[in-house]
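Read off the chains here:
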Amino acid sequence: MRLVGIFGGTFNPIHYGHLHMAQALADALTMDEVKFIPSANPPHKDHVTVAAEHRAAMIKLAIAKNPLFSIDELERNRAGVSYTIDTLISLRQSLGKETALCLMMGSDVFINLDTWHRWQELLDYAHIILVQRPGKPQQALPNQLQTLMHDHYTENRSELSRNHAGLINMQAISALDISATQIRAHLKHGLSVKHLLPEEVAIYIQQHHLYQ
Ligand code: ATP
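Since the structure is predicted, the reported quantities are computational estimates derived from the model, not experimental observations. (Residues numbered from 1 in each chain as written. Predicted model: local features only at pLDDT ≥ 70, side-chain atom pairs only at ≥ 80, totals over all residues. Heavy atoms only, no water.)

1. So, the nonpolar core
When a protein is soluble and globular, its nonpolar side chains tend to lie buried together. Counting 39 residues, the largest nonpolar core has Ile14, Met31, Val34, Phe36 and Met58 as its most contacted members. With six residues, the top contributor of residues to this core is helix H1 (residues 16-28). With near-sequence residues (within four places) excluded, Met31 lies in contact with Leu3, Gly5, Leu25, Ala26, Leu68, Cys102 and Met104. (Core = buried A, V, L, I, M, F, W, Y, C linked by side-chain atoms within 4.5 Å. Buried < 20%, exposed > 50% of the residue type's maximum accessible area, 1.4 Å probe, protein only. Helix = DSSP H or I, 4+ residues; strand = E, 2+ residues; numbered from the N terminus. Contact = heavy atoms within 4.5 Å.)

2. Examining unusual backbone geometry
In this chain, Asn12 is followed by Pro13 through a cis amide linkage whose omega measures 5°. When you line up the elements, Pro13 lands in the loop between strand S1 (2-9) and H1. The backbone phi angle of Arg118 is positive, close to 50°, even though this residue is not glycine. Take Arg118: it is sitting in the loop between helix H4 (107-110) and helix H5 (122-125).

3. Re the layout of surface pockets
Leftover empty space is mapped by rolling, across the atoms, a probe with the size of a water molecule. The volume enclosed by the second largest pocket comes to roughly 310 Å³. The wall of the second largest pocket is formed by 14 residues, among which Leu187, Val193, Ala202, Ile205 and Gln206 lie closest to the centre. The element contributing the most residues to the lining of the second largest pocket is helix H9 (residues 199-207), with four residues. Looking at side-chain class alone, the lining of the second largest pocket contains eight nonpolar, four polar and two charged residues. (1 Å grid on protein atoms, 1.4 Å probe; cavity = no way out; pocket = protein on both sides within 12 Å on 5 of 7 lines; lining within 4 Å. Points joined across faces, edges and corners; volume = space filled by probe spheres on them. Nonpolar A, V, L, I, M, F, W, Y, C, P; charged D, E, K, R; others polar.)

4. Considering the packing of aromatic side chains
Summed over all chains, the structure comprises four aromatic pairs. A ring pair is formed by Phe7 and Phe36, whose centres lie 5.4 Å apart and whose planes are at 55°; its orientation type is tilted. Residue Phe7 is found in strand S1, and its partner Phe36 is found in strand S2 (residues 33-38); the two are separated by 29 residues along the sequence. In this structure, Phe7 and Phe36 share a single accessibility class: buried. In textbook terms, an aromatic cluster arises when at least three aromatic residues are bridged by ring pairs, as seen for Phe7, Phe11, Phe36 and Phe69. (Phe/Tyr/Trp six-rings, centres within 6.5 Å; stacked < 30°, edge-to-face > 60°.)

5. Digging into the sheet that holds strand S5 (residues 127-131)
The six strands are arranged S3-S2-S1-S4-S5-S6 in an open sheet whose pairing can be described as parallel. The outermost strands of the open sheet, each flanked by one partner alone, are strand S3 (69-71) and strand S6 (168-171). Averaged over all neighbouring strand pairs, the angle between strand axes comes to 30°, with direction disregarded. As defined by bridge partners, strand S4 (residues 99-106) adjoins S5 across five bridges and the pair is classed as parallel. Bridging from a neighbouring strand, Leu103 pairs with Ile128 of S5. Contacts from H1 reach S1, S2, S3, S4, S5 and S6, with the element oriented near 140° to S4. Across the sheet, helix H2 (residues 52-63) is in contact with S2 and S3; its angle to S3 comes to roughly 165°. (Pairing = 2+ DSSP bridges. Axes fitted to C-alpha atoms, helices over the stretch in contact; angles between N-to-C directions.)

Below you can see the structure in the form of structure tokens.
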């Protein structure tokens, strides 16, 4: 079965932390593809100041030279709040059951998974692959998520490609301590973001006067 990584986020803007995490997980699990899916109207972020069009344009610049990476803007074509469950249902409809979907996320996101819309159904459509995110305080998992981990966890790569969904795996990759929040703050204060994101993205930000 093909193993496809699904990487959702606001990508406001995309940075080396995202790119490194996606590549490291793709390498660790020998994925066939990673789809970046920018959230159009994210339910968990109060105000995303930069339009989905700009965030998608920056992703395209950042991934252009990597044949493993692609962007899917399906959330932009959907009205209302962008719920991951709807995205997974729609991907599953178009890809069928011959593709294992791996929803990739940092530990900072997983810890709040039980607040997501229809979160109990996510594993019906995809696996969840976790990485420990540096620079974020380690918090105890809520009981419901501990149970979810206990019931669905696997260390076995081949199990992931034998099943199209339903498993949780954690990879010990060396994630970079970079966040979009930090980048927006740097830009606001006129500080350099040179080594935090690809140069093409930095040029785009400058040309469009974003995050000023
Ligand atoms: P913000 O600072 O605006 O909250 P962010 O940098 O956390 O943004 P998002 O677009 O919200 O980026 O994150 C999308 C996904 O990428 C999440 O699953 C998050 O855990 C993961 N992620 C973001 N930055 C990193 C990083 N440096 N290393 C590993 N994973 C990351």
